[in-house]
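Survey of secondary and tertiary structure
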Amino acid sequence: MDRLAIIGGRPLFGEIAISGAKNSALKLMAAALLTDEPLVIGNTPRLADIDTLLKLLEQHGAAHTFEGSTLTLHARTIASTEAPYDLVRKMRASFNVLGPLLAREGKARVSLPGGCAIGARPVDLHLKALAAMGAKIDLDEGYVVASAPGGLHGAKIDFPFVSVGATEHAMLAATLAKGETVLTNAAREPEIGDLAQCLNAMGAKIENAGRSTVAIQGVERLHGACHEVIADRIELGSYAMAPGVAGGEVFLRNGRIDILGAAAGVLEEAGVKLTQEPGGIRAKRVDDRVRAVNIVTQPYPGFFTDLQAQFMAMMTVAEGVSVIKETIFENRFMHAPELARMGAQISVDGQIATVRGVKRLKGAPVMATDLRASMSLVLAGLGAEGQTIINRVYHLDRGFERLEEKLSHCGVLIERVKGEG
Ligand code: EPZ
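The paragraphs below set out a description of the structure included in this document. (Residues numbered from 1 in each chain as written. Predicted model: local features only at pLDDT ≥ 70, side-chain atom pairs only at ≥ 80, totals over all residues. Heavy atoms only, no water.)

Describing the packing of aromatic side chains
Taken as a whole and judged by the stated rule, the model has two aromatic pairs. On the numbers, 6.2 Å between centres and 35° between planes, the contact of Y300 with F304 is tilted. Each member of the pair, Y300 together with F304, is buried. For the ring pair F303 and F311, a centre distance of 5.4 Å and an interplane angle of 65° mean the geometry is edge-to-face. The same class applies to F303 and to F311, which are both buried. Across from the ring centre of F304, 4.4 Å away, lies the NZ or CZ of R233, which sits over that ring. (Phe/Tyr/Trp six-rings, centres within 6.5 Å; stacked < 30°, edge-to-face > 60°. Buried < 20%, exposed > 50% of the residue type's maximum accessible area, 1.4 Å probe, protein only. Lys NZ or Arg CZ within 6 Å of the ring centre and 35° of its normal.)

Below you can see the structure in the form of structure tokens.
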């Protein structure tokens, strides 16, 4: 297993191009199953998670070409409506093929994704939404067996709490349902708007995506389209924090302040100045150290959970005490003990972490535990004195495209060490 070696303590100066959002691309790829015509998805990041879904789509009958960052998917016919455990367990987002397969073929058998490192992560809301649209759903040996021989129909679906995946899943399925579907308490993440834009370009009729109430008028069929994936707000927010930790100034090409939601204000409050310029955002630490800020993770536009670990890394070297409350996932502080190995002062009590900022961290060998936690260790390493070795880099490869190359461009001493880890 590969490792990353970072020599910290050097400010960053330079430009980082922000890639297309992994979490949007994955759902756009699932949309390709809704049509027998090609779907061209530009600005697709080259990541392990994308490859995982490509394998699954391939066995459903979707051919693909990947040139540069342009992914073309063509599901002329559906070869299989079964999504096997071996492919779904690797990545939860694979579960989102269920709705499109059901909408197009009237049936699907998709493995339940199971839990993951950050928590139990059930899919009950996904299933309730599909059932409300007329699907008959059974569970059989770890698989969801769904059928709707006469097709899905429109429904009023009121989510009891906000779920990104369930909102997207319901939207995907409702495009081909008979009649109108109305989603209330829908997720408002920028990726929801991105998915709706793509589906509308394919002939769907979705209104108000990105707001709490979304209306989808079902259509007979969808056709091919070209769509560019929205910039990755998680990658954007992570790199915006790099000068916060290590000092310096970076230009984040393709970045937009508006997709950062509450995180933009939090960064400013902490002393990372963000300036929107043509083509991207400039991020700069204003003082010698950032300041402690308290945060509570919330559905978008609140401070997103996918930036919590990175923010904690920045708070480890802030002036003052920061209180971080995680409300979305029950087990998302696994980076705390790893940061502590580098000298961070963090105490965790249930869903609340209290971080007492220190002047500087010290490099150490640490272990990446999940995708975003891994990025928090990278950030910590940038500001730390000496060498940080991050083990289990495959987590990072799932969601941060060309990380070493991007950071090296800004003067970071970072290298991938092949082999044991
Ligand atoms: C998406 O996961 C993202 N993944 C996650 O990013 C992100 O952390 C999360 O949204 C929250 O923003 C992708 O887009 C591929 P949810 P998702 O449904 O859709 C509970 C990353 O690092 N829930 O909004 O699975 C759930 O357990 C990943 O890129 C149910 O109880 O998240 C969680 O506590 C990690 N039943 C909360 O809702 C359900 O049926 C929100 O989850 C669905 C969700």
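Details of helix 7 (residues 190-201)
Taking 1.5 Å of rise per residue, the twelve residues of helix 7 would be expected to cover 16 Å, and the 17 Å separating its terminal C-alpha atoms lies within 8% of that figure. Every buried residue belonging to helix 7 is among P190, E191, I192, D194, L195, A196, C198 and L199, and all of these are buried. Two residues or fewer after helix 7 comes G203, characterised by a positive phi angle close to 110°. (Helix = DSSP H or I, 4+ residues; strand = E, 2+ residues; numbered from the N terminus. Expected span 1.5 Å × (residues − 1).)

Quick notes on the environment of F333
In this structure, F333 sits in the loop between strand 19 (321-325) and helix 11 (335-340). F333 sits 24 residues away from A309 along the chain, and the two C-alpha atoms are 7.2 Å apart. The residues touching F333, leaving out its near neighbours within four places in the chain, are Q308, M312, I324, E326, V348, G350, Q351, I352 and A353. (Contact = heavy atoms within 4.5 Å.)

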